[in-house]
Amino acid sequence: MIEIQHLTKTFTTAGGVTEALKDVSLTIPDGEIYGIIGMSGAGKSTLVRSINMLERPTSGKIVIDGRDMAALSEAELRAARRDITMIFQGFNLLMQRTCQRNVAFPLELAGMKRGDAMTRAAELLELVGLGDKLKNYPSQLSGGQQQRVAIARALATKPKILLCDEATSALDPQSTQSILGLIRDIHDRLGITVIVITHQMSVVEQICTRVAILDGGEVAEEGKVSEVFAAPQSQAAKRLVYPEGYEQPVVRFDEGKMLRVVFNGAKATKTPLIAQMALDCGITASILGASTKGIGEKAYGNMLLGIPGGDAELQRAMDYLRSIPDIFVEEVDGHV
């Protein structure tokens, strides 16, 4: 388990003091795929670099499996870092080494015999789908293939924790999907804890189970990905989940009342919800605004409905919608 306790990090520059992290506290259980997301300058990379002590906290603690990382000796910290490996946006491969020798490098540093290290490297390259690229150099590979080599290298020391710092930001959409699928597959096979640092909500949506949203160095919101997608509470979360605008001005609806419907993992059906309500209740609702998305076979997001008629029709619509699992309904006025 990773426990981040009241973490603060400040940097002093010629321009003054910058507080990159402000009293950040998070708990990440073993075996989780955990997302940390925020806009540029939110403190994401500083936080992930603090986990393996590449950045020393100004105050607060990083506790991993009961050990305060800042209290370890240099020798103990070097040993602990073998359990906490990292992949980066820029791959950070050694261009003068073949793929196999790149992956073998951390094993050689750890004292493994070269022959054994090369054998292990070949096995890991096979695991990430590059068993035929052992003798290739990084310059001969695509960006997605280079990131696969970096992932294989990160797995060389059999880590318990894999830190992914904007690991797909430099990749095209197809390569991004491929790398996310690989990270998920490795997690499922090896059971390691994966922490994904990103500014892309689509990345969190696809592979993470929980997410923390950083804004200005602080945790603005934390929870299950499905819950944050369904009903973001903080302004930072709303900007990320609904970049087109969460608070949309509503055209006046003079024919009746307005409802806000929040989908929190409601099961998708063959017949659209509004059409089904018209069939079952005889209520023809107007969709005034919507920002929804499907994850698997479930729906998340929110929708603004205009319900014709008065209080009786409104109540019938609310009763009907509330009878459906994983849907929240409230009357609204003016803005959503």
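Residues numbered from 1 in each chain as written. Predicted model: local features only at pLDDT ≥ 70, side-chain atom pairs only at ≥ 80, totals over all residues. Heavy atoms only, no water.

What follows deals with empty space enclosed by the protein. Tallied over the entire structure, the rule returns 2 cavities of 30 Å³ or more. There is about 70 Å³ of room inside the second largest cavity. Every residue lining the second largest cavity is counted, 13 residues in all, and those nearest its centre are Ala-167, Thr-168, Leu-180, Val-196 and Val-203. Within the residue set of the lining of the second largest cavity, elements represented by two or more residues are α6 (173-190), β8 (193-198) and α7 (201-207). The leading source of residues in the lining of the second largest cavity is β8, at 3 residues. (1 Å grid on protein atoms, 1.4 Å probe; cavity = no way out; pocket = protein on both sides within 12 Å on 5 of 7 lines; lining within 4 Å. Points joined across faces, edges and corners; volume = space filled by probe spheres on them. Helix = DSSP H or I, 4+ residues; strand = E, 2+ residues; numbered from the N terminus.)

Okay, helix α3 (residues 99-109) next. Within an α-helix, residues lying three or four positions from one another point in the same direction, as the helix has 3.6 residues per turn. Of all the residues in α3, the buried ones are Cys-99, Gln-100, Asn-102, Val-103, Ala-104, Pro-106 and Leu-107. Where α3 is buried, its residues touch α4 (114-127) and α5 (143-155). Positive phi appears at Gly-111, one or two residues downstream of α3, with a value of about 100°. (Buried < 20%, exposed > 50% of the residue type's maximum accessible area, 1.4 Å probe, protein only. Contact = heavy atoms within 4.5 Å.)

This next bit is on the pairing of strand β6 (residues 84-88). For β6, a buried count of 4 out of 5 residues is recorded, marking the element as mostly surrounded by other parts of the structure. Sheet analysis places β6 next to strand β7 (residues 161-165), joined by 5 bridges and oriented parallel. Looking at β7, one finds that Thr-85 is bridged to Leu-162. (Pairing = 2+ DSSP bridges.)

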